[in-house]
Amino acid sequence: ILNVEQSPQSLHVQEGDSTNFTCSFPSSNFYALHWYRWETAKSPEALFVMTLNGDEKKKGRISATLNTKEGYSYLYIKGSQPEDSATYLCAFVNYGGATNKLIFGTGTLLAVQP
Amino acid sequence: DAGITQSPRHKVTETGTPVTLRCHQTENHRYMYWYRQDPGHGLRLIHYSYGVKDTDKGEVSDGYSVSRSKTEDFLLTLESATSSQTSVYFCAITGTGISTDTQYFGPGTRLTVL
């Protein structure tokens, strides 16, 4: 069974703080890693899809890095705002697995206090 | 927002009764997925479809069946609901089977089995 772990489970920060969290996945047979943002009472929304070792993606104040050799990805939020409060999910796709079957971590719940 | 609707949005039922959840999309996407979301488990794939009448099992398919008779509709059936199937169910779609393709999620259905 392929396991994707995210840490920490939850995080409380003050507005303006920068923060980061981790997604760990199997380093063998890596194909792709997805990051999603999930606000309460809404649906998950895609942030990034990453495939190459050393890849870095950026969207506004949010960025992500990927290390496929050691099996982790970091998500960074610079200058957190209350509207960043959400659960951040990562999802792993293994090479040789069935088409576009995402294996999700349990997420990191971020709460940004004004 | 991707044109995905789920019905019903909330349902309370009793153990042993059959339940069908519907996912409807207006994007003409080929791939559709059913996930369940439970605390401590993240999103887990139940079944997916890669075309009309073409379906396959995910990691937690026991107790569930699916059907896809039209591109736009993907039905999830609990033949005899059990309390362990109390969960929030999400449908997702994607245009291709490429593992870097983003999945777009519906609003979710909250099912309670008493």
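Residues numbered from 1 in each chain as written. Chains lettered and ligands numbered in written order. Predicted model: local features only at pLDDT ≥ 70, side-chain atom pairs only at ≥ 80, totals over all residues. Heavy atoms only, no water.

1. A closer look at the interface of chain B and chain A
Where interface size is quoted, it is often the accessible area lost as the parts come together.
Here's step 1: Between chain B and chain A, the residue contacts involve 25 residues of the former and 21 residues of the latter.
Here's step 2: Buried area between chain B and chain A, both sides added, is near 1800 Å², and the carbon and sulfur share of it is 61%.
Here's step 3: On the chain B side of the contact with chain A, L43, S99 and F105 of chain B bury the most area, a combined 31% of that side's loss.
Here's step 4: Across the contact surface, chain B and chain A share 0 salt bridges.
Here's step 5: Across the contact surface, chain B and chain A share 2 residue pairs in polar contact (both at pLDDT 80 or more).
Here's step 6: The set of elements that each furnish at least two residues to the side of chain B that touches chain A consists of strand 4 (31–38), strand 5 (42–51) and strand 9 (87–94) of chain B.
Here's step 7: Looking at the side of chain B that touches chain A residue by residue, the class counts come to 10 nonpolar, 13 polar and 2 charged. (Contact = heavy atoms within 4.5 Å. Buried area = accessible area lost by both parts, 1.4 Å probe. Salt bridge = Lys/Arg side-chain N within 4 Å of Asp/Glu carboxyl O. Polar contact = N/O pair within 3.5 Å; in protein donor to acceptor, adjacent residues only side chain to side chain. Helix = DSSP H or I, 4+ residues; strand = E, 2+ residues; numbered from the N terminus. Nonpolar A, V, L, I, M, F, W, Y, C, P; charged D, E, K, R; others polar.)

2. Let's talk about the sheet that holds strand 3 (residues 19–25) of chain B
Residues and elements named next belong to chain B.
Here's step 1: Read from one edge to the other, the open sheet built from 4 strands follows the order 1-3-8-7, with strand pairing classed as antiparallel. Across the chains shown, the open sheet's two edge strands, defined by having one partner strand only, are strand 1 (4–7) and strand 7 (64–70). Taking each pair of neighbouring strands and ignoring which way they run, the sheet shows an average axis angle of 20°.
Here's step 2: As paired strands, strand 3 and strand 8 (residues 73–78) are joined by 6 bridges and run antiparallel to one another. Bridge pairing in strand 8 links L21 to L76. (Pairing = 2+ DSSP bridges. Axes fitted to C-alpha atoms, helices over the stretch in contact; angles between N-to-C directions.)

3. Some details on the state of the cysteines
All names here are of chain A.
Here's step 1: Scanning the model with the defined rule gives 2 disulfides over all chains in all.
Here's step 2: Residue pairing for C23: its cysteine sulfur links by disulfide to C90, the two sulfurs lying 2.0 Å apart. The sign of the 80° torsion about the S-S bond sets the C23-C90 disulfide as right-handed. Taken together, the residues span a long stretch of sequence, with C23 in strand 3 (residues 19–24) and C90 in strand 9 (residues 86–94) at a distance of 67 residues. Take C23 and C90: they sit in the same class, and that class is buried. (Disulfide = S-S within 2.5 Å. Buried < 20%, exposed > 50% of the residue type's maximum accessible area, 1.4 Å probe, protein only.)

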